[in-house]
Amino acid sequence: MNQIVKSSLLLFTFTTLLISCKKAEAPEELSTNDVTPEAAISSSAAVEKKDSTRKFVRTADLKFKVKNVPQTTYEIENITNKFDGFVTYTNLQSNIIDEFETKISQDSTLETTRYNVENNITIRVPNKRLDTVIKCIAKQIDFLDYRIIKADDVSLKILSNQLAQQRSTAKEKRVEKAIDSKGKKINDVMEAENNLANQKEQKDAAKLENLSIQDQINFSTLSIQIYQRESVKQEMVANTKDYNYYKPNIGIRLLDSLKTGWNVLLDIIVFLFQIWWLLLIGFGGYFTYKKYFMKE
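Residues numbered from 1 in each chain as written. Predicted model: local features only at pLDDT ≥ 70, side-chain atom pairs only at ≥ 80, totals over all residues. Heavy atoms only, no water.

*Asks:* What am I meant to see in the overall build of the chain here?
*Replies:* Helix and strand counts for the chain come out as seven helices and six strands. For the chain, restricting intrachain contacts to residue pairs at least 6 apart in sequence, the fraction spanning at least 24 positions comes to 82%. For the chain, the accessible surface area stands at approximately 22100 Å², while carbon and sulfur atoms represent 57% of it. (Helix = DSSP H or I, 4+ residues; strand = E, 2+ residues; numbered from the N terminus. Contact = heavy atoms within 4.5 Å. Areas by Shrake-Rupley, 256 points an atom, 1.4 Å probe, with all protein chains shown as cover.)

Right, dumping it as structure tokens:
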């Protein structure tokens, strides 16, 4: 009896452990629709960790085909707004590939236009939400041409500018002190003043560059090119001029006639090759008739 109880306990323990392991291995399914701006965190390793001294300027370049360029443009703008970004450039346009007219009747002409629609968009989004924005935009992709993501470490550049500001500040103080000790010597004072102005200008330039770099760190830049399949637009329009007005000159008409005659000749040759078997049977029947029936 004790043996049966022990075996039952061992079987129960093994089953419990097996079920627990399966639950632990099962991946958690996340829907991209559940991603909110508050919970959107980038998964890129190039995003600096908290208390890290590294600073990254992250940029992305994407080019892909979509079903409908205007509709995708609106979706990208909505995604950008959702994740606290902004659009800095957009150029939605149609490029005409070819257009021609086909006369349908004496008073009607069919205008046909072949064109493609494309848009170049530049958006800026918070650095830590760059990957999330790219994943949301990826839903619009019909065919991906390329996706390039770059992260430039600018921590040393920021440090260099800070040191330059410190040097400029120290030199400013020395120049100001020298100006005070020059007395009334105009030439010496003017030269010192010019040096002081140059130092302040260099200090301001380093400060502005650091502010620009910090802005690029805080907001990543995405350059997006989207396009769609070539489209055709046809429109029936009324003719306002006489039919003869649209006739080409005699030279063009003669050239078209030669081309048409040549195409007819080629069609006849192709047709004869298509019915080679019928010609073979005809020739065979003719020679058979001539050999046997003509003698009789």
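*Asks:* Sorry if this is basic, but what is going on with unusual backbone geometry here?
*Replies:* Most peptide bonds are trans, and most residues other than glycine sit at a negative phi. For Asp84, which is not glycine, the phi torsion reads 65° and is therefore positive. With respect to the helices, strands and loops of the structure, Asp84 is situated in the loop between α2 (69-82) and β2 (86-105). Of the residues examined, Asp84 reaches a relative accessible area of 46% and is grouped as partly exposed. (Buried < 20%, exposed > 50% of the residue type's maximum accessible area, 1.4 Å probe, protein only.)

*Asks:* Would you take a moment to explain the pairing of strand β1 (residues 56-65) for this structure?
*Replies:* Look at any regular strand and the pattern is simple: side chains alternate between the two faces of the sheet. In terms of burial, β1 is a largely internal element, seven of the 10 residues being buried. Looking at chain direction, β1 and strand β4 (residues 143-153) are connected through 10 bridges and run antiparallel. The partner of Leu62 across the bridge, within β4, is Arg147. In this structure, β1 lies alongside strand β5 (residues 219-227), joined through seven bridges in parallel fashion. Across the sheet, Thr59 pairs through a bridge with Thr221, a residue of β5. (Pairing = 2+ DSSP bridges.)

*Asks:* Is there a simple way to think about the nonpolar core in this case?
*Replies:* Across soluble globular proteins, nonpolar side chains show a tendency to be buried alongside one another. Grouped together as the largest cluster of nonpolar side chains are 20 residues, with contacts concentrated most on Ile123, Val133, Ile137, Leu222 and Ile224. Mapped by element, the contributors of at least two residues to this core are β1, α2, β3 (108-126), α3 (130-137) and β5. Among the elements that take part in this core, α3 stands out by supplying five residues, more than any other. Discounting residues that sit within four places of it in the chain, Ile224 has contacts with Leu62, Phe64, Ile76, Asn119, Asn120, Ile121, Ile123 and Ile137. (Core = buried A, V, L, I, M, F, W, Y, C linked by side-chain atoms within 4.5 Å.)

*Asks:* What exactly am I supposed to notice about a nonpolar patch on the surface here?
*Replies:* Together, Val264, Ile268, Phe271, Leu272, Leu279, Phe283, Tyr286 and Phe287 make up a nonpolar patch on the protein surface, roughly 800 Å² of accessible area in all. By secondary structure assignment, the location of Phe271 is in helix α6 (residues 250-274). (Patch = residues over 30% accessible without salt bridge, like charges linked within 9 Å, V, L, I, M, F, W, Y side chains within 5 Å. Salt bridge = Lys/Arg side-chain N within 4 Å of Asp/Glu carboxyl O.)

*Asks:* Before we go on, may I ask you to explain α2 in this structure?
*Replies:* In an α-helix, one turn spans 3.6 residues, which is why side chains three or four residues apart end up on the same side. For α2, spanning 14 residues, the distance from its first C-alpha to its last is 20 Å, which sits close to the expected 20 Å at 1.5 Å a residue. All of the buried residues along α2 are Val69, Thr72, Thr73, Ile76, Ile79 and Thr80. Viewed end-on, α2 has its buried residues packed into an arc of 125°, placing them on one side of the element. Residues of α2 that are exposed and point more than 90 degrees away from the buried face comprise Gln71, Asn78 and Asn81. For α2, the secondary structure elements touched by its buried residues are β2, β3, α3 and β5. Between a side-chain oxygen at the N-terminus of α2 and the backbone nitrogen of Gln71 the separation is 3.0 Å; the capping residue is Asn68. Phi for Asp84, located one or two positions after α2, is positive at around 65°. (Expected span 1.5 Å × (residues − 1). Arc of directions from axis to C-beta. Polar contact = N/O pair within 3.5 Å; in protein donor to acceptor, adjacent residues only side chain to side chain.)

*Asks:* What is the right way to look at the packing of α6 against helix α7 (residues 276-293) in this model?
*Replies:* Any two packed helices are characterised by how steeply their axes cross, that is the angle between the axes, and by the distance between the axes. At a closest axis distance of 5 Å, the pairing of α6 and α7 adopts a crossing angle of 65°. Residue-level contacts link Leu272, Phe273 and Gln274 of α6 to Trp276, Trp277 and Leu279 of α7. In terms of residue class, the contact of α6 with α7 is built from five nonpolar, one polar and no charged. (Axes fitted to C-alpha atoms, helices over the stretch in contact; angles between N-to-C directions. Nonpolar A, V, L, I, M, F, W, Y, C, P; charged D, E, K, R; others polar.)

*Asks:* Got a minute to help me understand the side chain of Thr112 in this structure?
*Replies:* Summarising the element assignment, Thr112 is placed in strand β3. On the basis of relative accessible area, Thr112 is assigned to the buried category, the value being 5%. Contact partners of Thr112, with chain neighbours within four places excluded, come to Asp98, Glu99, Phe100, Val232, Lys233 and Gln234.

*Asks:* Where do I start with the packing of aromatic side chains in this structure?
*Replies:* Within a pair of aromatic rings, the relevant descriptors are the distance that separates the centres and the angle that separates the planes. As enumerated under the stated definition, the model contains one aromatic pair in all. With 5.6 Å between their ring centres and 50° between their planes, Phe86 and Phe219 make a pair best called tilted. Pair noted here: Phe86 is in strand β2 and Phe219 is in strand β5, with a separation of 133 residues, a long-range link. (Phe/Tyr/Trp six-rings, centres within 6.5 Å; stacked < 30°, edge-to-face > 60°.)

*Asks:* Can you help me understand the pattern of salt bridges in this one?
*Replies:* Side-chain pairs of opposite charge can arise where the charged atoms are in close proximity. Summed over all chains, the structure comprises seven salt bridges. Linking Arg58 and Asp131 is a salt bridge whose minimum nitrogen-to-oxygen distance equals 3.2 Å. Pair noted here: Arg58 is in strand β1 and Asp131 is in helix α3, with a separation of 73 residues, a long-range link. No difference in accessibility class separates Arg58 from Asp131, as the two residues are buried. For Lys233, the salt bridge is made with Glu235, and the minimal N-O distance between the two is 3.2 Å. With a relative accessible area of 42%, Lys233 lands in the partly exposed category. Here Glu235 falls in the partly exposed class, since its relative accessible area comes to 37%. Sharing partners across several salt bridges, the network here consists of Lys65, Lys67 and Asp142.

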